[in-house]
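The chain contents come next:
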Amino acid sequence: MVMKIAHLILTHKNPAQTQKLIEALQHPYHDFFIHLDKKTNEEPFSYLYEKENVYRIKNRTKIYWAGWGTIQATLNGFAEILPGNYDYINVISGQDFPIKNAEYIYQYIRSRQGTEFITCHSIDGEWAEAASRVRNYHLINWPIPGKYRLEKIVNAIMPARKFPLPYQLVGRANWFTLTQDAVKYLMQFLKEHPQVVRYFKYCWGADEFIFSTILYHSKFSQAIKDNLVYVDWTGQTKGHPRILTQQDLPALIASEKLFARKFDEEVDAGVITALQQQVTKLPLAS
């Protein structure tokens, strides 16, 4: 039975790197949807849409790190992808890259059809360091002068924030691979629960919580497994994972994940070239 995968790529720079990402993932049953940050000039990326299975997300939004824009871009992508009736939507960054070949990725997901690949670590457990991001007030989405000083004042006098539903807050990454049914559920849930949207708009990096938390408390919870992306947080600063280089190739090749991040061809283009060569040697998924 054929399974269709839509890759939603959120990007803002390096069109040539995005091209290599798409080429590495080319498959008869893969399509690609690019959401380009609205702050970025689209012209350098326009040639990417010449391929018949590459599409632009028309409803673009501005993205600022740790703000609501990443969530809105994802939701805009969902809205334009869902009419295509894909079995899975895989949300990745333009700075991700596959560490398995496209057929391996297709067969891996196909053999696990129905699984929701989204990481759900608890802020009361293994991800406790993230608790302040959702329990304190953050004004990252509000372009007002002195907002960081205002944040400090508000958090000094106000009690810890409480989620508007009796949910445990979970998450970790805003990169995930979900079934069409799960994505439809997320869209409908947010439409029916505006108080949840309001809550997350006062969080820092809400994209790493919102989708995980909703699905964790849904009928999809029993089908959840960790996401499919390798990330190295060692030595990271200010919330960014380490940029991967050729020195990371042994770990990348040994990983059971399907994708890895973060890559930057301006830092080390050689690691992408090496992965392009390596994935062609890998066997099919079992």
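Look a little higher up for the structure.
Below is a summary of the structure that appears in this document. Given the structure is predicted, the values throughout are model-derived calculations rather than measurements.

### Let's talk about the overall build of the protein
Check the secondary structure of the protein and you find 11 helices and 12 strands. Taking 19 Å as the expected radius of gyration for a compact globule of 286 residues, we find that the protein reaches 19 Å, a close match to that expectation. With the principal axes as the frame, the protein shows a C-alpha extent of 60 × 40 × 35 Å. Residues classed as buried in the protein amount to 54% of the 286 residues present. Within the protein, contacts between residues separated by at least 24 positions form 76% of all contacts whose residues are at least 6 apart in sequence.

### A word on the state of the cysteines
Across all of its chains, the model carries 0 disulfides by this definition. Unpaired in terms of disulfides, Cys120 finds its nearest cysteine sulfur in Cys203, a separation of 16 Å. What makes Cys120 buried here is its relative accessible area of 13%. Overall, the relative accessible area of 1% leaves Cys203 in the buried class.

### Some details on the side chain of His27
Mapped onto the fold, His27 is located in the loop between helix 1 (15–25) and strand 2 (30–36). When its relative accessible area of 9% is taken as the criterion, His27 is described as buried. At 2.6 Å, the side chain of His27 forms a polar contact with the side chain of Glu103.

### Some remarks on the pattern of salt bridges
Pairing is possible between side chains of opposite charge, provided their charged atoms come close. Enumeration over the complete set of coordinates arrives at 11 salt bridges. A salt bridge links Asp264 to Lys13; the shortest N-O distance between them is 2.8 Å. Here the residue Asp264 occupies a position in the loop between strand 12 (259–261) and helix 10 (265–268), and Lys13 occupies one in the loop between strand 1 (5–11) and helix 1, the gap between them amounting to 251 residues. Between Arg135 and Asp124 there is a salt bridge; the shortest N-O distance is 2.8 Å.

### Re unusual backbone geometry
Of note, the bond from Arg261 into Lys262 is cis; its omega dihedral lies within 30 degrees of zero at 25 degrees. As for its position among the elements, Lys262 is in the loop between strand 12 and helix 10. The backbone phi angle of Asn14 is positive, close to 55 degrees, even though this residue is not glycine. As for its position among the elements, Asn14 is in the loop between strand 1 and helix 1. Phi at Asn85 is positive, roughly 60 degrees, even though this residue is not glycine. Its place among the elements puts Asn85 in the loop between helix 2 (69–81) and strand 4 (88–93).

### Some details on a nonpolar patch on the surface
Taken together, Trp142, Ile144, Leu150, Ile153, Ile157 and Met158 make up a surface patch of nonpolar side chains, about 540 Å² in accessible area. Locating Leu150 in the fold gives a position in helix 5 (residues 147–157). When its relative accessible area of 38% is taken as the criterion, Leu150 is described as partly exposed.

### Describing the environment of Glu256
Tracing the chain through its elements places Glu256 in the loop between helix 9 (249–254) and strand 12. Remark: the alpha-carbon pair of Glu256 and Tyr230, spanning 26 residues in sequence, is separated by 8.6 Å.

Cut-offs and rules
Residues numbered from 1 in each chain as written. Predicted model: local features only at pLDDT ≥ 70, side-chain atom pairs only at ≥ 80, totals over all residues. Heavy atoms only, no water. Helix = DSSP H or I, 4+ residues; strand = E, 2+ residues; numbered from the N terminus. Rg over C-alpha atoms; globule rule 2.2 N^0.38 Å. Buried < 20%, exposed > 50% of the residue type's maximum accessible area, 1.4 Å probe, protein only. Contact = heavy atoms within 4.5 Å. Disulfide = S-S within 2.5 Å. Polar contact = N/O pair within 3.5 Å; in protein donor to acceptor, adjacent residues only side chain to side chain. Salt bridge = Lys/Arg side-chain N within 4 Å of Asp/Glu carboxyl O. Patch = residues over 30% accessible without salt bridge, like charges linked within 9 Å, V, L, I, M, F, W, Y side chains within 5 Å. Areas by Shrake-Rupley, 256 points an atom, 1.4 Å probe, with all protein chains shown as cover.

Without other data, these values stay purely geometric and don't point to any function.
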